[in-house]
Amino acid sequence: MKITEFLKQNILYLDGGMGTLLQGAGLGVGERPEEWNLSHPDVIQSIHRAYYEAGSHVVNTNTFGANLLHFSKEELEPIIAAAVNNAKSARDAASGDHPKFIALDIGPTGRLLKPYGDLDFEDAVSIFAQTVRLGVKYGVDLVMIETMNDSYETKAALLAAKENCDLPVFVSNAYGEDGKLMTGASPEAMVAMLEGMGADAIGVNCSLGPKQLRGVIDRILAVSSLPVLLKPNAGLPQSKDGRTFYDVLPADFAAEVADAIQNGVRIAGGCCGTTPEYIRALTQKAKDVNPLPLSQKNITVVSSYTHAVTFGKEPILIGERINPTGKKRFKQALIENDVDYILREGLEQQAKGVHILDVNVGLPDVDEVEMLRRVSGELQAISDLPLQIDTSDPVAMEAALRRYNGKAMINSVNGKEESMRSIFPLVKKYGGLTVALTLDENGIPDTADGRVAIAKKILAVAAEYGIDKKDLIFDTLAMTVSADANAARVTLDALSRIRTELGCHTSLGVSNVSFGLPQRDVINGTFFAMALVGGLSAAIMNPYSAEMQKTYHAFRVLNGNDENCADYIVFAPTVAALAAQAPASTSGETGKEGTALQEAIISGRTVSAEEVTEKLLLAVSPMEIVQNEIIPALDRVGKGFEEKTVYLPQLLMSAEAAKAAFGKIKAVLSNQKTEQEQRIAIVIATVKGDIHDIGKNIVRLLLENYGFAVTDLGKDVSTAEIVDTVVRLQAPLVGLSALMTTTVPAMEETIAALRKKAPWCKVMVGGAVLNREYAERIGADRYCKDAMEAVRYAESL
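Q: I tried to follow the pairing of strand β24 (residues 762-766) on my own but got confused; where do I start?
A: It is a general feature of regular strands that their side chains alternate between the two faces of the sheet. Burial runs high along β24: 4 of the 5 residues are buried. In this structure, strand β23 (residues 733-737) lies alongside β24, joined through 5 bridges in parallel fashion. Looking across to β24, one finds that Gly735 is bridged to Met764. Assessed by its sense of winding, the connection that carries the chain from β23 through helix α29 (residues 744-757) to β24 is right-handed. In the sheet, β24 pairs with strand β25 (residues 782-783) via 2 bridges, with the strands oriented parallel. Along β25, the bridge assignment pairs Met764 with Arg782. As a crossover connection, the stretch from β24 through helix α30 (residues 772-777) into β25 is right-handed.

So, in structure tokens, the structure goes:
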């Protein structure tokens, strides 16, 4: 029986932790668990067998870190071959007549993807693809992508799996206490992206215990139409005699997870700290629980790397200004490769309240494939808004969709056979909400009947590709009323019928209706209001239009979307200013919110930061710029990060912009041979046996931006090297990082050695398997939950 067939009518039980069991079997500090597939196959087989006999339907191969970043190509294949064969041997030997499956376990690379890190997206896809191909070669039944804490790396892994096998793919992410991934994605955003790309099951594992993860799992259950997976830790980690254990006992663990199964979880197991005893307790506790039937949520949604935007609850505004049509300055920016101008357009529209940014860079003199890919990527680096990828070129569309971090809006498909056959395969592969234009080979019908008929044809062809109507949004094409007095009426009639008769969402490029007329804003605002009453879901509009903004805010009040009229009350005083404002200011002071340099750093625009710094250096001393511009900007971003209004990617892009400004300043200081104030020396490292250094690299970047002299020893660093470096530099502070349960003993060992040989040195620690209490138990002076807390602690010293 295929696992997907079994899953339709049954609860699927996974295995539990591997690392803590290997520690108990003698895995040494610095040893890689995956190597035990070859050196200790009897131990691995025994663990797998114990899970099968405890009731697990699925065991994960011991391949969590088996990829080309950690092993050579020559090393990787025998490790994966042995891992799969160990699981097969365990399956053959295990008692019990329940179905038994083998999952290829794929964990994160330990590297952050560009633009926030140094690993290119396509390189990540290639790394995961090699692991997938080997797993398939040696006979796994499914692919399990787990413990991913970054949406972009999750996409790379899923894309690699889908492109290199036809096996079921389960995807599980690691959420923090704030209910988000490390890089900011909400559960709703992850569901939107993963469902769109065709994952077979989605969920959450690691990080926290079952009780702490209930909020996240309930949010996933509310929006997911797929089977939902829960694989929590056995509570919080503790340390005793150099070994890690967890504070939730099997019976309590089983009770919590069984309750989640009653609420709709279909796939359940355990992560760090759980053992076959936990799985046995779970299968016994939930043996009489009948799985809840899966239900189609029918949610029309797009997402960015942080959040989802859902259609239908209230009108969605799509900013139209990243488009060369009728915009001389924008055309110039495209021809001159002035991407910073385009980024400012995006940020300014975001400040005006749009929910989505349309991105169109099509010009005859521009390489649209490369420009669309670049602009989309750089916009996502500095803005958390979802994007509408707007092009008539399928090649450019795929280039942008492939690297898009989230579920994009796709503009567009139409009723022409060629259009549907070129766009729908891209939608099926990458996911997306597709704008469907009601035109075909015969042009735009001049009747509502004609446009509705085209909509029905588009729905039928989309269904051939497995694309549901919830992932189509119909544009009934606003035509100019100056050329046809009935144009608006036909558009609105077709719109209303598609919304009510077909049950589909609708979108319009509103301003087309007034082309050729004076005072176009008046016509646009009224037409927008009529369309909203007729069921318009989204409008592509100019956010600087006072009439459009007035209509939008007034409609929300009258339609019951604006509780206590709170947003309208804030908006009302700005109407006059909005009407007088010219869009897209490009340089100079930005008023009470800070200088142009501060705004460039806060928004993460590296090129602008460099350019403004060069101008400031002509009139202002370097250290004045640091103290009065750069540090205040970093503090604003840092405070936003601490208050959860700014996400990690924004923090990193701001740090990169600050780094660029510092580069210009350091060049001047070097020429002037000026003594720079240097803050305390800090040594940082990922401990022995751990090859994950994302968190450490983020800490280094921020500490350097705040002026600290950081010595980064890298990853998989021995206790002796860390201690020797601290002693040599007489460093008053060291930062240690560990992601894996199996490497925490190395951290404890390092701290003990520092206490003996460098008693003056303070120790701060961080990592996914740590918490404040655990850090205290292993002797650390400070647990830092994120990079900004590390900066604050360093400043306090």
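Here the narrative resumes.
Q: Looking at this structure, I do not really get the packing of aromatic side chains. What am I missing?
A: Describing an aromatic ring pair means giving the distance of the ring centres and the angle of the ring planes. Inspection of every chain in the model, using the stated rule, returns 7 aromatic pairs. Pairing Phe253 with Tyr278 gives two aromatic rings, centres 5.4 Å apart and planes at 85°, and the pair type is edge-to-face. Of this pair, Phe253 sits in helix α10 (residues 250-262) while Tyr278 sits in helix α11 (residues 276-285), and the two are 25 residues apart along the sequence. The two residues Phe253 and Tyr278 agree in class, both being buried. Each ring, one from Phe424 and one from Tyr465, has its centre 5.9 Å from the other, and the planes form 50°; the classification is tilted. Here Phe424, found in helix α16 (residues 417-430), pairs with Tyr465, found in the loop between α17 (448-464) and β18 (472-475); they are 41 residues apart in sequence, far enough to count as distant. A relative accessible area of 0% means that Phe424 is categorised as buried. Given the relative accessible area of 22%, Tyr465 is considered partly exposed.

Q: Just checking my understanding: could you explain the domain arrangement of the protein for this structure?
A: By the assigned domains, the protein splits into domain 1 (3-285), domain 2 (313-543), domain 3 (545-580), domain 4 (582-675) and domain 5 (678-797). Here the C-alpha centroids of domain 1 and domain 4 sit 41 Å apart. Contact residues are listed per partner, giving 8 residues for domain 1 and 6 residues for domain 4. Of the roughly 650 Å² buried at the junction of domain 1 and domain 4 (both faces included), carbon and sulfur atoms supply 76%. Across the contact surface, domain 1 and domain 4 share 1 salt bridge.

Q: Which parts of the structure should I look at to understand the pattern of salt bridges?
A: Note on pairing: side chains with opposite charge can pair once their charged atoms come close. Scanning the entire structure with this criterion turns up 46 salt bridges. Residue Arg636 pairs with Glu599 through a salt bridge whose shortest N-O separation is 3.4 Å. In this pair, Arg636 sits in helix α25 (residues 622-642) while Glu599 sits in helix α23 (residues 596-603), placing the two residues 37 residues apart along the sequence. Residue Arg636 is classed as partly exposed on the basis of its relative accessible area, which comes to 36%. In this structure, Lys688 and Asp716 form a salt bridge, with 3.9 Å as the shortest nitrogen-oxygen distance.

Q: What's the story with the packing of α17 against helix α18 (residues 487-500) in this structure? I'm lost.
A: For any two helices packed against each other, one specifies the crossing angle of their axes together with the interaxial distance. At a minimum axis distance of 8 Å, the contact between α17 and α18 shows a crossing angle of 40°. Comparing their axes, α18 and α17 come out oblique. The two elements α17 and α18 meet at a crossing, and its hand is right-handed. Each of Ala448, Asp449, Arg451, Val452 and Ala455 in α17 lies in contact with α18, whose residues at this interface are Val490, Thr491, Asp493, Ala494, Arg497 and Ile498.

Q: How do you make sense of a negative patch on the surface when you look at a structure like this?
A: Together, Glu31, Glu35, Glu74 and Glu75 make up a negatively charged patch on the protein surface. Tracing the chain through its elements places Glu35 in the loop between α2 (19-24) and α3 (36-39).

Q: Looking at this structure, I do not really get the sheet that holds strand β22 (residues 709-712). What am I missing?
A: Where strands meet in a sheet, backbone hydrogen bonds hold them as pairs that are either parallel or antiparallel. The strand order β22-β21-β23-β24-β25 describes an open sheet built from 5 strands, whose pairing is parallel. The open sheet has two free edges, formed respectively by β22 and β25, since each of these has just one partner strand. Sheet strands touched by helix α28 (residues 719-729): β21 (681-686), β22 and β23. Its angle to β21, the strand with the most contacts, is close to 175°.

Q: Where do I start with the side chain of Thr183 in this structure?
A: Mapped onto the elements, Thr183 comes out in the loop between β5 (169-173) and α8 (187-197). Take Thr183: its relative accessible area is 2%, and that puts it in the buried class. Within polar-contact distance, the side chain of Thr183 engages the side chain of Asp150 at 2.8 Å. In contact with Thr183, other than residues within four places in its own chain, are Leu112, Asn149, Asp150, Ser151, Tyr305, Tyr647, Leu648 and Pro649.

Q: Is there a simple way to think about unusual backbone geometry in this case?
A: A negative phi holds for most residues other than glycine; trans holds for most peptide bonds. Here the residue pair Lys114 and Pro115 is connected by a cis peptide bond, since its omega of 5° sits within 30 degrees of zero. As for its position among the elements, Pro115 is in the loop between β3 (101-106) and α6 (121-137). Ser412 follows Asn411 through a cis peptide bond whose omega is 20°. The phi torsion at Ser207 lies on the positive side, around 70°, for a residue other than glycine. One non-glycine residue, Asp716, lies in the positive phi region at around 55°. Assignment of secondary structure puts Asp716 in the loop between β22 and α28. Residue Asp716 is classed as partly exposed on the basis of its relative accessible area of 25%.

Definitions and limits used
Residues numbered from 1 in each chain as written. Predicted model: local features only at pLDDT ≥ 70, side-chain atom pairs only at ≥ 80, totals over all residues. Heavy atoms only, no water. Buried < 20%, exposed > 50% of the residue type's maximum accessible area, 1.4 Å probe, protein only. Helix = DSSP H or I, 4+ residues; strand = E, 2+ residues; numbered from the N terminus. Pairing = 2+ DSSP bridges. Right-handed = clockwise from strand over helix to strand, strands pointing away. Phe/Tyr/Trp six-rings, centres within 6.5 Å; stacked < 30°, edge-to-face > 60°. Domains from an automatic or database assignment. Contact = heavy atoms within 4.5 Å. Buried area = accessible area lost by both parts, 1.4 Å probe. Salt bridge = Lys/Arg side-chain N within 4 Å of Asp/Glu carboxyl O. Axes fitted to C-alpha atoms, helices over the stretch in contact; angles between N-to-C directions. Parallel < 35°, antiparallel > 145°, perpendicular 65-115°, else oblique. Left-handed = near helix turned anticlockwise from the far one by under 90°. Patch = residues over 30% accessible without salt bridge, like charges linked within 9 Å, V, L, I, M, F, W, Y side chains within 5 Å. Areas by Shrake-Rupley, 256 points an atom, 1.4 Å probe, with all protein chains shown as cover. Lys, Arg positive; Asp, Glu negative; His and termini not counted. Charge placed at Lys NZ, Arg CZ, Asp CG, Glu CD. Polar contact = N/O pair within 3.5 Å; in protein donor to acceptor, adjacent residues only side chain to side chain.

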